[in-house]
Amino acid sequence: EPVISSFKENLKTPLAMAMDWNEFGSNIETIVVSDNICTRRKAMARAAGLAAGLSVAAVSQPAFGAETKVVKMGDDNGGLKFVPEKTTICKGDSVTWVNNKSGPHNVVFDEDAIPKGVSQEAISMEDQLGEEGETFTMKFEEPGDYAFYCEPHRGAGMNGMLIVTP
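Procedures and definitions
Residues numbered from 1 in each chain as written. Predicted model: local features only at pLDDT ≥ 70, side-chain atom pairs only at ≥ 80, totals over all residues. Heavy atoms only, no water. Pairing = 2+ DSSP bridges. Helix = DSSP H or I, 4+ residues; strand = E, 2+ residues; numbered from the N terminus. Patch = residues over 30% accessible without salt bridge, like charges linked within 9 Å, V, L, I, M, F, W, Y side chains within 5 Å. Areas by Shrake-Rupley, 256 points an atom, 1.4 Å probe, with all protein chains shown as cover. Salt bridge = Lys/Arg side-chain N within 4 Å of Asp/Glu carboxyl O. Lys, Arg positive; Asp, Glu negative; His and termini not counted. Charge placed at Lys NZ, Arg CZ, Asp CG, Glu CD. Buried < 20%, exposed > 50% of the residue type's maximum accessible area, 1.4 Å probe, protein only. Core = buried A, V, L, I, M, F, W, Y, C linked by side-chain atoms within 4.5 Å. Contact = heavy atoms within 4.5 Å.

Novice: Can you walk me through the pairing of strand β8 (residues 159–165) in this structure?
Specialist: The side chains of a regular strand alternate between the sheet's two faces. In the sheet, strand β3 (residues 86–90) pairs with β8 via 5 bridges, with the strands oriented parallel. Bridge pairing links Lys 86 to Met 161 in β8. Both strand β7 (residues 144–149) and β8 contribute to a ladder of 6 bridges, which runs antiparallel. Following the sheet pairing, Gly 144 is matched in β8 by Val 164.

Novice: Teacher, can you tell me more about a negative patch on the surface here?
Specialist: Where like charges cluster on the molecular surface, the negative patch consists of Glu 111, Asp 112, Glu 121, Glu 126 and Asp 127. Along the chain, Glu 126 falls in the loop between α6 (120–123) and β6 (135–139). On the accessibility criterion, Glu 126 (77% relative accessible area) is exposed.

Novice: Before we go on, may I ask you to explain the sheet that holds strand β1 (residues 68–73) in this structure?
Specialist: Spatial ordering of the open sheet is given by β2-β1-β4-β6, a layout of 4 strands whose pairing is mixed. At either margin of the open sheet sits one strand with a lone partner, and together these are β2 (82–83) and β6. As judged from the 5 bridges shared by strand β4 (residues 94–99) and β6, these two strands associate in the antiparallel manner. Looking at β6, one finds that Ser 94 is bridged to Lys 139.

Novice: In this structure, what is going on with the sheet that holds β3? I would like to understand it.
Specialist: Strand pairing in a sheet relies on backbone hydrogen bonds. The paired strands run either parallel or antiparallel. In space, the 4 strands of this open sheet follow the order β3-β8-β7-β5, with mixed pairing throughout. The two strands at the open ends of the sheet, each matched to only one other strand, are β3 and β5 (108–109).

Novice: I would appreciate a short explanation of unusual backbone geometry in the present structure.
Specialist: Note on backbone geometry: most residues besides glycine have negative phi, and most peptide bonds are trans. For the peptide bond that leads from Val 83 to Pro 84, omega is -5°, which places it in the cis range. Along the polypeptide, Pro 84 turns up in the loop between β2 and β3. Look at the link from Gly 103 to Pro 104: it is a cis peptide, with omega at 10°. Position of Pro 104 among the secondary structure elements: in the loop between β4 and β5. One non-glycine residue, Ser 102, lies in the positive phi region at around 60°.

Novice: Would you mind showing me how to read the nonpolar core here?
Specialist: Counting residues in each nonpolar core, the largest one holds 21 residues, and the members touching the most others are Phe 82, Trp 97, Val 107, Phe 109, Phe 140, Tyr 146 and Leu 162. If you list the elements that add at least two residues to this core, you get β1, β4, β6, β7 and β8. Ignoring any residue separated from it by four or fewer positions in sequence, one finds Phe 82 in contact with Val 71, Lys 72, Met 73, Trp 97, Asn 106, Val 107, Phe 148, Tyr 149, Cys 150, Met 158, Asn 159 and Gly 160.

Novice: What am I meant to see in the environment of Asp 112 here?
Specialist: Within the secondary structure, Asp 112 is located in the loop between β5 and α6. Taking the C-alpha atoms as reference points, Asp 112 and Ala 147, 35 residues apart in sequence, are found 8.6 Å from one another.

Now the structure itself:
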């Protein structure tokens, strides 16, 4: 509460008068007390949005504060691997796979190593990326572990793991 009071006293603007201080304080408290990185990141994004003048409705949208992680397909030296091989994201975030080197590549999820109820076909690529710089992006809503591989290079060990946290 002292942080909020200090912030409120120092903001003598129309924004400060219109801001939802209870919602702002709730997000600040979550940032401080939560041990879940996803919960903390979302609370920080909401608090920043409120401080910037956005409405509670705007900062409460599921996509507000979501991020996209990048995974290279093929390392910079042409090695047949995903970089990084293991990626952790929050529910609602996306991953963009970028064809880096030694293509063609694709992303196929192992139907026996994804959360129950998730369609392997819906999240896997149908085609391959042949040109360097081509991308494939997928948003993940279901928490759990997702094992994936590059079909043309699976035998060479081109496998990856995506962890989606609640």
